[in-house]
Amino acid sequence: MRAQAIDHAAMLPLYLAAATAAAALFTGRFAKAAAMIGLGTASAAAVWIGLGPDRAAFAVGEWHSYVADDAAMGAAALFAALAVLVAAVSGRRPGENWFLLTASAAGGIALAGARDLITLVVAVETLTLPLYVLVTRPGRDGAEAGTTFLIASVTSSATALMGAALLYAATGTVHLEGLAAALGDAHAGLAAAGTALLLAGLAFKLAAAPLHAWAPLVLERAPLPIATYLASASKLGGAVAIVWVVAFGLRGTASAGIVVAVLAVASIAVGNLGALVQRRTVPLLAWSGIAHAGYALAPLAVIATAAGREHAGAAASAAFAYAVFFVLLEAGVFAALTAVRAEDGGAVADLAGLWKAAPLPASVFLFAVVGLAGLPPALAGTVAKVAVLEVLASSAVWLAVVVAAGAVVGLAYYLPLARAVLTGRSGAVPRRYAVALTIAALALVAVSLAPQLVLDFTSVSR
Amino acid sequence: MLVLAAALPASGALAVWGLRRKPYAHWIGAGAAGLAFAAVALLPVGRDTGALIAGDGATWWHRVAIPWAPSLHLDFALAVDGVSWTLALLTALLGVLCCLHNAVGAEQRAADLYGADQASASASLQPASAPLQEPAGSVENGGTPGGGDPVTGVHAAGPATSGHLQVATGASGSLQDGAGSVEIGGPPLAAAPVHGVPSGAGGEERDGWQSPVLTALLLAVQAASTLVFLADNLVLFFIAFEAVLLPMWAIVHRFGDPRTRRRAAAKFALFTIAGSLLMATGLFVAIADTGTADLGAIIAAGGVSSGVSLLVFSLLAIGFAVKAPLWPLHSWLPDAHTAAPTVGSVLLAGVLLKLGTYGLIRVAGGLAPEGAADAAPVLAVLAAVGIVVAGLVCLRLPELKRLIAYSSVGHMGFVVLAFAAGTEAGLRAALFGNLAHGLVTPLLFFLAGALKARTRTGSLTALGGLRLAAPALAGLLGFAALASLGLPGLAGFWGEAFTVYAAAERGGAWLLLAAAAAFGAFLAAAYLLRMLKHVSHGSVAPAAFGIGDVSAAEAAVWSPLVAGTLLLGLVPGPLLALFAEGHL
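A quick note: this is a predicted structure, and the numbers were derived from the prediction, not measured. (Residues numbered from 1 in each chain as written. Chains lettered and ligands numbered in written order. Predicted model: local features only at pLDDT ≥ 70, side-chain atom pairs only at ≥ 80, totals over all residues.)

Draft legend 1. Representation of the overall build of chain B. Broken down by element type, chain B carries 25 helices and two strands. Across the 584 residues in chain B, those meeting the buried criterion constitute 63%. Contacts spanning at least 24 positions in sequence make up 80% of the contacts within chain B whose residues lie at least 6 apart. (Helix = DSSP H or I, 4+ residues; strand = E, 2+ residues; numbered from the N terminus. Buried ≥ 20, exposed ≤ 12 C-beta atoms within 10 Å, placed from the backbone. Contact = placed C-beta atoms within 7 Å.)

Draft legend 2. Looking closely at the overall build of chain A. When you go through chain A residue by residue, the secondary structure sums to 20 helices and two strands. Relative to the globule expectation of 23 Å for 462 residues, the C-alpha radius of gyration of chain A, 21 Å, shows essentially globular dimensions. The principal-axis extent of the C-alpha atoms belonging to chain A is close to 65 × 55 × 45 Å. In chain A, buried positions account for 66% of the 462 residues. (Rg over C-alpha atoms; globule rule 2.2 N^0.38 Å.)

Draft legend 3. Molecular detail of the packing of helix H12 (residues 281-297) of chain A against helix H14 (residues 312-340) of chain A. Residues and elements named next belong to chain A. Here H12 crosses H14 at 170 degrees, and the two axes come no closer than 9 Å. It follows that H12 is roughly antiparallel to H14 by the angle criterion. Judged by residue contacts, Thr-281, Leu-285, Gly-289, His-292, Tyr-295, Ala-296 and Leu-297 of H12 engage Ala-319, Tyr-322, Ala-323, Phe-326, Glu-330, Val-333 and Leu-337 from H14. (Axes fitted to C-alpha atoms, helices over the stretch in contact; angles between N-to-C directions. Parallel < 35°, antiparallel > 145°, perpendicular 65-115°, else oblique.)

Draft legend 4. Focus on the domain arrangement of chain B. Residues and elements named next belong to chain B. Splitting chain B by domain gives domain 1 (1-48 + 58-126 + 135-230) and domain 2 (316-580). Contributing elements (two or more residues each) for the side of domain 1 that touches domain 2: helix H4 (82-121) and helix H9 (211-230). Per element, the largest residue contribution to the side of domain 1 that touches domain 2 is 14 residues, and it comes from H4. Here the side of domain 1 that touches domain 2 is composed, by residue class, of 19 nonpolar, nine polar and no charged. (Domains from an automatic or database assignment. Nonpolar A, V, L, I, M, F, W, Y, C, P; charged D, E, K, R; others polar.)

Draft legend 5. Structural context of the UniProt feature "domain: NADH:quinone oxidoreductase/Mrp antiporter transmembrane" (unreviewed entry) in chain A. UniProt's entry tags residues 114-405 of chain A with the feature "domain: NADH:quinone oxidoreductase/Mrp antiporter transmembrane" (unreviewed entry), counted in the numbering of this structure. Along residues 114-405 of chain A, the helical share is 78% and the strand share 0%, with 35 Å between the first and last C-alpha atoms. (UniProt positions renumbered as here; feature names shortened; annotations may be inferred.)

Draft legend 6. Representation of the domain arrangement of chain A within the structure. Residues and elements named next belong to chain A. Splitting chain A by domain gives domain 1 (1-113) and domain 2 (114-457). The straight-line distance from the C-alpha centre of domain 1 to that of domain 2 is 21 Å. Taken together, the contact between domain 1 and domain 2 spans 34 residues of the former and 35 residues of the latter. Among the secondary structure elements, those contributing two or more residues to the side of domain 1 that touches domain 2 are strand S2 (63-68), helix H3 (70-88) and helix H4 (95-113). Broken down by element, the side of domain 1 that touches domain 2 gets its largest block of residues, 13 residues, from H4. Each residue belonging to the side of domain 1 that touches domain 2 can be placed in one class, and the counts come to 22 nonpolar, 10 polar and two charged.

Draft legend 7. Representation of the interface of chain A and chain B in the model. Listed per partner, the contact involves 29 residues of chain A and 26 residues of chain B. A breakdown of the residues in the side of chain A that touches chain B according to their chemical character gives 21 nonpolar, six polar and two charged.

Draft legend 8. How the structure looks around unusual backbone geometry. Residues and elements named next belong to chain A. Each neighbour pair has its own omega, and for Ala-209 with Pro-210 the value is 10 degrees, a cis peptide bond. Mapping Pro-210 onto the fold places it in the loop between helix H8 (188-206) and helix H9 (214-221). Look at the link from Pro-376 to Pro-377: it is a cis peptide, with omega at 5 degrees. Its location among the elements puts Pro-377 in the loop between helix H16 (359-372) and helix H17 (379-395). Within the chain, Ala-207 stands out as a residue other than glycine whose phi angle is a positive 60 degrees. Checked against the element boundaries, Ala-207 lands in the loop between H8 and H9. The phi dihedral of Tyr-433 is positive, around 55 degrees, even though this residue is not glycine. Summarising the element assignment, Tyr-433 is placed in the loop between helix H18 (397-422) and helix H19 (434-449).

Draft legend 9. Just the confidence of the model for chain B, in detail. Residue and element names in this part refer to chain B. Taken as a whole, chain B shows an average pLDDT of 73; of its residues, 79% reach a score of 70 or greater. Per-element confidence in chain B is highest for helix H10 (residues 234-243), whose mean pLDDT is 87, and lowest for helix H8 (residues 188-195), whose mean pLDDT is 35. Confidence drops under pLDDT 50 across residues 50-57; counting only partners more than four residues distant or on other chains, this segment forms five contacts. Interface confidence in the predicted complex, given as ipTM, is 0.86; pTM for the same model is 0.84. (pLDDT = per-residue confidence, 0-100.)

Draft legend 10. Inspection of the nonpolar core at higher detail. In terms of nonpolar packing, the biggest core is built from 429 residues, with A:Phe79, A:Ala80, A:Leu297, A:Tyr322, A:Phe325, A:Val403 and B:Leu417 touching the most fellow members. In terms of residue count, the dominant contributor to this core is H14(A) (24 residues). Those residues in contact with A:Ala80 that sit more than four places away from it in its chain are A:Ala17, A:Leu39, A:Ala42, A:Ser43, A:Ala46, A:Ala105 and A:Ile109. (Core = buried A, V, L, I, M, F, W, Y, C linked by C-beta atoms within 7 Å.)

Draft legend 11. Main features of the environment of A:Glu343. Structurally, A:Glu343 is set in the loop between H14 and helix H15 (354-357). For the pair A:Glu343 and A:Leu224, spaced 119 residues apart in the sequence, the C-alpha separation amounts to 7.6 Å.

Draft legend 12. Main features of the UniProt feature "domain: NADH:quinone oxidoreductase/Mrp antiporter transmembrane" (unreviewed entry) in chain B. On the UniProt side, "domain: NADH:quinone oxidoreductase/Mrp antiporter transmembrane" (unreviewed entry) is annotated at positions that read residues 231-514 of chain B here. Split by type, residues 231-514 of chain B is 81% helix and 0% strand. Its first and last C-alpha atoms lie 34 Å apart.

Draft legend 13. Structural detail: helix H11 (residues 245-255) of chain B. Extensive coverage of H11(B) is indicated by the burial of 11 of its 11 residues. Among the residues of H11(B), those classed as buried are B:Leu245, B:Leu246, B:Pro247, B:Met248, B:Trp249, B:Ala250, B:Ile251, B:Val252, B:His253, B:Arg254 and B:Phe255. As for H11(B), its buried residues are in contact with H16 of chain A together with H9, H10, helix H12 (261-290), helix H15 (332-339) and helix H16 (342-367) of chain B.

Draft legend 14. Expanded view of the pairing of strand S1 (residues 62-69) of chain B. Residues and elements named next belong to chain B. Judged from the seven bridges that link them, S1 and strand S2 (residues 74-80) form a sheet pairing that is antiparallel. Across the sheet, Arg-63 pairs through a bridge with Ala-79, a residue of S2. If you look at the hairpin formed by S1 and S2, you'll find four residues sitting between the two strands, and His-73 has a positive phi there, around 65 degrees. (Pairing = 2+ DSSP bridges.)

Draft legend 15. Quick peek at the pairing of strand S1 (residues 55-60) of chain A. Residue and element names in this part refer to chain A. Here five bridges tie S1 to S2, and the two strands are oriented antiparallel to one another. Bridging from a neighbouring strand, Ala-56 pairs with Val-67 of S2. Hairpin connection between S1 and S2: a loop of two residues separates the two successive antiparallel strands, and Gly-61 in this loop has a positive phi of roughly 65 degrees.

Draft legend 16. The arrangement of the environment of A:Leu236 in detail. Residues and elements named next belong to chain A. Note that Leu-236 resides in helix H10 (residues 224-249). Sequence separation between Leu-236 and Gly-108 is 128 residues, and the spatial gap between their C-alpha atoms is 8.5 Å. Not counting chain neighbours up to four residues away, the residues in contact with Leu-236 comprise Ala-75, Leu-78, Phe-79, Ala-323 and Val-327.

Draft legend 17. Representation of the packing of helix H5 (residues 117-134) of chain A against helix H6 (residues 140-171) of chain A in the model. Residue and element names in this part refer to chain A. Orientation of H5 relative to H6, taken along the N-to-C sense of each, is 175 degrees, at an axis distance of 11 Å. Of the possible angle classes, the one that applies to H5 and H6 is roughly antiparallel. Contacts from Leu-117, Val-121, Glu-125, Thr-128, Leu-131 and Tyr-132 of H5 reach H6 at Gly-146, Phe-149, Leu-150, Ser-153, Ser-157, Ala-160, Leu-161, Ala-164 and Leu-167.

Have a look at this one:
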């Protein structure tokens, strides 16, 4: 048997992240600096590899298990950058905290390159596992949140694995490309069941309904920096996993489209209605995040129809682009919240007067909230919505109307949130993390003014 | 020049906002709006009319296109022709007037404050002359209804001043540097009521009245609206359409009537976004069908394919009908207009409603002409119902601004009816009526705002005798009302007359609609004359006692609208010729 040459350049970001995790474990009080520098380097490396030609490793015939194309490297760079942002707004924490965070980011980078079901599921687990520890604050409430997260996560992982196993039983391969080729004449029942279980399990990471209930509870009770990570990088993980599976593996399977359509519509309905009644900031954002998961999934639903399957690439690109814009905005809003709230997110009314008391976090917060509402001048959100609606308008107008209705409801809770920040007066507000927030703000403004930056790497070809 | 037309107000908005603490911020805003007006006014220079003779009968005057996000079909493409230019010019004109209104109002208030300072020192206080800006809050000024003699009224308000002073001094700090001396020098008893005028924001916003922010928001609305009128790319059109929403929401929510503004602003925002997202869906169906987002190219190609034409038109028409507004989707409008500050109402009536009708005529009609033809009867019936309903409602409305707002529903009904008729005459009438409404109704809102600022009430029953109390104001109000009811020789006439003509021309059931429209015009005459009867005639009501007449600054702000109304009424020809060059 011939040993296969490994393209180490393709693996460079993953190596760097893994090495950073190891370093963070042993550098004691320099662990935070080591984690930030290491992940920053990994992010830069991912951008550098992404700008070069597409690479791949671990081939079985034509099919690769690990691919470093533009989309994968863009996602990898984003995972690392979001982890750096989370570290920057974290303050002082014990050393193992940084190890866990970096390990999770390494899982994200692996996920970005994963092109077979086993790598994908393992990467998702690597991304999630460290979070069991990180989300748990000392005390009864924290333990409850941690346990909820653990149970929900394990259940959904088992569901996803079961789905993967059924798909393997139906087609005899775990490579996504192989699935795409073999699903056509596989056992229809097995394939449909596998598709449904796999997608539903992965939807947990994205907090899409019906596996959404953990999100508001866990986000509210986790430390705010970890909530930032859960709302941004972790959700990106879920979105990437689903987009990869659908775009590369299930793009010809109508049942996948139906499953995604159900997930999307349920998420939009549940998330928006849930957010309407929230009076506390973090649960409001968490519920609205469920709705956004629905918007991100919606374009993938077009593969339910024959006409839509011809646009599978465009649909996957739109879903991925929406997810990227969304997690950038979520990262902005949570980072700003972390900067101004010492303990937890508090009630919406507690944000009153932020505009006067802390202009920089308040403007980041406002920009991100307006973006989540999809309105100019925060064009990042508008462009994301345009990307989704363009795909839906071409093959599933009814779903476009559902998305539009969801966005209208969304405005009903985003506007009061913006109003709370703008009006009133507040006492002293902690002033910290100015550099991190400035960089986050610049990134948001950059993707607003030049959305093509994001749209370029999110175009999932093939 | 195209880019400048949109960029100048936008940068002006940023500049005004950045310098909002400076006393000259208003003038920067007015300057930016003035430059933008100049930029728009210069657009016809060097226009390309060659293709008129050669080609398909219509072309853009100028066009500029910069790729922005090609994978979303998003180009920064601007273009202008006779149809969009007139509306852009109207937008720029109203922008300038609103900024001037604000600037003059702020100057006058500053002068009042200064004067009060002087006057209180010599213990001979005169009531402040009525400011241009309608104060949003309730104010215990000298001239309150039933207060009788204004000078004693101030002293009568004395007991109320102790609670009032806190607000007043907070306001003066942000308003004007010089006013700070009042706190030290002026006796509180005398100074407080005068300060009460700018303290309208009151309530939770204790930072006081920040008019420069209002100017900045106005400029933002102006920039976005100009972009809508000039956009030649459907995605850009959608983005610009959405961009109008937030600044307008902020204007109503922040500077509106404190009793109703929250509800009105939320209603406005939700209606508008629902409409614009449906419109967006329609736009994207059209883009998916034609494979391009170039508005001019799609219109030139005859619109989308017939299979989706009706779908596209329905989605777009619902979206624009919310904005226009067309009965029965109009219910946000009276609330928003009534709650908005004067300049907000002016922009709402003069610009935002035009976004709806422009979109309906240019985008919906242009993209899906077949769908438009199919849906025309429905649209026409709704429009006719809207005209009659608005007329009947107006007959009973007790409040001045609400009445003017509701009359807009009727006027826009005429525009939509004319568009639905679909004939050459109908389209011209729609565009003409659109523009005329954009001149007359803002004038009415300016006048109503001035009246409310002077008398502190908009209730028709509480007003009266304006003819005697302020003859020039009453005259202008009469002029605007006559223009609004469509007196021949004034701007309102041509649009409405030709609407009835265009509908009647179609024959059959359309004759009924034409009759309904004519009846609506009759109702308009009835309710506007009723308004004049209440406001201008009769004996002088207590509220109107001793109010100031039109000041020179006010006259300067309003005169372009009066002149435009007269011009359009007397010489409609050049404008109709401009429309003929349009891209329809």
